[in-house]
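# Structural characterization, general
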Amino acid sequence: MSLVLGLLAQALGRALRYSAPRRAGHEPRGRAMEQDKALEVYDIIRTIRDPEKPNTLEELEVVTESCVEVNEIGEDEYLVIIRFTPTVPHCSLATLIGLCLRIKLQRCLPFRHKLEIYISEGTHSTEEDINKQINDKERVAAAMENPNLREIVEQCVTEPD
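Thresholds applied
- Residues numbered from 1 in each chain as written.
- Predicted model: local features only at pLDDT ≥ 70, side-chain atom pairs only at ≥ 80, totals over all residues.
- Heavy atoms only, no water.
- Pairing = 2+ DSSP bridges.
- Helix = DSSP H or I, 4+ residues; strand = E, 2+ residues; numbered from the N terminus.
- Right-handed = clockwise from strand over helix to strand, strands pointing away.
- Salt bridge = Lys/Arg side-chain N within 4 Å of Asp/Glu carboxyl O.
- Buried < 20%, exposed > 50% of the residue type's maximum accessible area, 1.4 Å probe, protein only.
- Axes fitted to C-alpha atoms, helices over the stretch in contact; angles between N-to-C directions.
- Contact = heavy atoms within 4.5 Å.

## Here we look at the pairing of strand β3 (residues 112–119)
Successive side chains on a regular strand alternate, one facing one side of the sheet and the next facing the other. Note: strand β2 (residues 77–84) against β3, eight bridges, orientation parallel. When the sheet's bridge partners are listed, Y78 is paired in β3 with H113. With respect to chirality, the unit in which β2 leads through helix α3 (residues 94–108) into the neighbouring parallel β3 is right-handed.

In structure tokens, the structure reads:
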């Protein structure tokens, strides 16, 4: 019953959002473009493999469509925000998963973007520290200079044949 109510509320919210009168300069096309970009981002990250398990991040529900947000910040430039959920609150590989997300998106996104990656609030015991690490360009560059770490990242982000 609660599932049905949740789906009904979601559908109603969408209907109201798209049927609301638009003010000048607030075109529905811009929002649709952002949603298309969010799906494009999700299609890129969903196939990343977990460093420890033989599953993708999508299969483990570490990433979902709803964890991706895209906002236009300039002409043909977008802010991409990812909020991923580790499988357990003390996941030792959360930083590595964040690194894999960043590297794959940097390589594959076909549009100009600024990228912010976070652990979903309240889902990891050290989320603040990890969020700082995976959003620090110098730390990311240093991590990718480590050949062992780079090899693991490559195995995770490479598409299966």
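From this point, the narrative continues.
## Side note on the pattern of salt bridges
Considering all chains together, one arrives at nine salt bridges under this definition. Among the ionic pairs, R107 bridges to E154, the shortest N-O distance being 2.4 Å. You can see R107 sitting in helix α3 and its partner E154 sitting in helix α6 (residues 147–157), a full 47 residues away along the chain. For R107, a relative accessible area of 47% translates into the label partly exposed. Of the charged contacts in the structure, one is a salt bridge between R139 and D136, with a shortest N-O distance of 3.8 Å. We classify R139 as partly exposed; its relative accessible area is 45%. Under the relative-accessibility criterion, D136 is labelled partly exposed at 26%. Where salt bridges share partners, they join D43, R46 and E58 into one cluster.

## Some thoughts on the sheet that holds β2
The three strands lie next to each other as β1-β2-β3, forming an open sheet whose pairing is mixed. Of all the strands in the sheet, just β1 (68–74) and β3 have a single pairing partner and so form its edges. For this sheet the average axis-to-axis angle between neighbouring strands, irrespective of direction, equals 20 degrees. The strands touched by α3 within the sheet are β2 and β3, with β3 carrying the most contacts at an inclination of about 170 degrees. Running over the sheet, helix α4 (residues 127–134) touches β2 and β3 and is turned about 160 degrees from β3.

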